[in-house]
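# Descriptive structure summary
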Amino acid sequence: MAEEAEQETENHLKEPLDLLLLSIDERVVVKMKNDRELRGKLHAYDQHLNLVLGDVEETITVVEIDDETYEEIYKTTRRNISMMYVRGDGVTLIAPPAKTHN
């Protein structure tokens with residue numbers, strides 16, 4: 001029965017943005033330009049991939065080079081934002097919520 005529901009959902013995906021429609025009110029992962037990653041609840045989107053996210057955790061990763069050893073040093077900064085508008089031209093990936101199989 002669960003396989004029928006999953007197959008029915010897959011059959012309704014006729015365009016790429018249909019996947020986003022199924023992700024409304026679900027938590028998604030959004031990767032942005034400049035090594036930013038957003039995790040939040042998708043409230044709205046449009047054809048330009050402009051997004052409205054709620055309960056967002058933003059993660060920014062910066063790579064610095066040590067002057068003496070020339071090693072790459074990764075620094076991560078996190079912050080929480082209650083509501084956020086994301087301009088679509090900065091989006092590189094949107095991952096819908098992972099399906100769990102019982």
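An account of the accompanying structure is given in this report. Being a predicted model, the structure only gives us computed values, none of them experimental. (Residues numbered from 1 in each chain as written. Predicted model: local features only at pLDDT ≥ 70, side-chain atom pairs only at ≥ 80, totals over all residues. Heavy atoms only, no water.)

## Some details on unusual backbone geometry
Positive phi is not limited to glycine here, since Asp 25 has a value of about 65°. With respect to the element layout, Asp 25 can be found in the loop between α2 (17-22) and β1 (27-32). Judged by relative accessible area, Asp 25 falls into the partly exposed class, the value being 46%. Look at Asp 35: it is not a glycine, yet its phi comes out positive at around 55°. Position of Asp 35 relative to the elements: it lies in the loop between β1 and β2 (36-45). (Helix = DSSP H or I, 4+ residues; strand = E, 2+ residues; numbered from the N terminus. Buried < 20%, exposed > 50% of the residue type's maximum accessible area, 1.4 Å probe, protein only.)

## Side note on the environment of Asp 66
Locating Asp 66 in the fold gives a position in the loop between β3 (51-65) and β4 (72-86). Contacts of Asp 66, omitting those with residues within four sequence positions, involve Glu 71 and Ile 73. Among the polar contacts made by the side chain of Asp 66, one reaches the main-chain amide nitrogen of Glu 68 at a distance of 2.8 Å. Among the polar contacts made by the side chain of Asp 66, one reaches the main-chain amide nitrogen of Thr 69 at a distance of 2.9 Å. (Contact = heavy atoms within 4.5 Å. Polar contact = N/O pair within 3.5 Å; in protein donor to acceptor, adjacent residues only side chain to side chain.)

## Description of the sheet that holds β4
Spatially, β4-β3-β2-β1-β5 is the arrangement adopted by the five strands of the open sheet, whose pairing is antiparallel. The outermost strands of the open sheet, each flanked by one partner alone, are β4 and β5 (91-95). For this sheet, the mean angle separating the axes of adjacent strands, direction not counted, is 25°. As defined by bridge partners, β3 adjoins β4 across 14 bridges and the pair is classed as antiparallel. The partner of Val 52 across the bridge, within β4, is Tyr 85. (Pairing = 2+ DSSP bridges. Axes fitted to C-alpha atoms, helices over the stretch in contact; angles between N-to-C directions.)

## Considering the side chain of Glu 37
Locating Glu 37 in the fold gives a position in strand β2. On the accessibility criterion, Glu 37 (18% relative accessible area) is buried. A distance of 3.0 Å separates the side chain of Glu 37 from the side chain of Arg 39, its partner in a polar contact. The residues contacting Glu 37, other than those within four sequence positions of it, are Val 29, Val 30, Lys 31, Glu 57, Glu 58 and Thr 59.

## Quick look at the side chain of Thr 59
Considering the arrangement of structural elements, one finds Thr 59 in strand β3. You can call Thr 59 buried: its relative accessible area is 12%. Apart from residues lying up to four places away in sequence, Thr 59 is in contact with Asp 35, Arg 36, Glu 37, Thr 76, Thr 77 and Arg 78.

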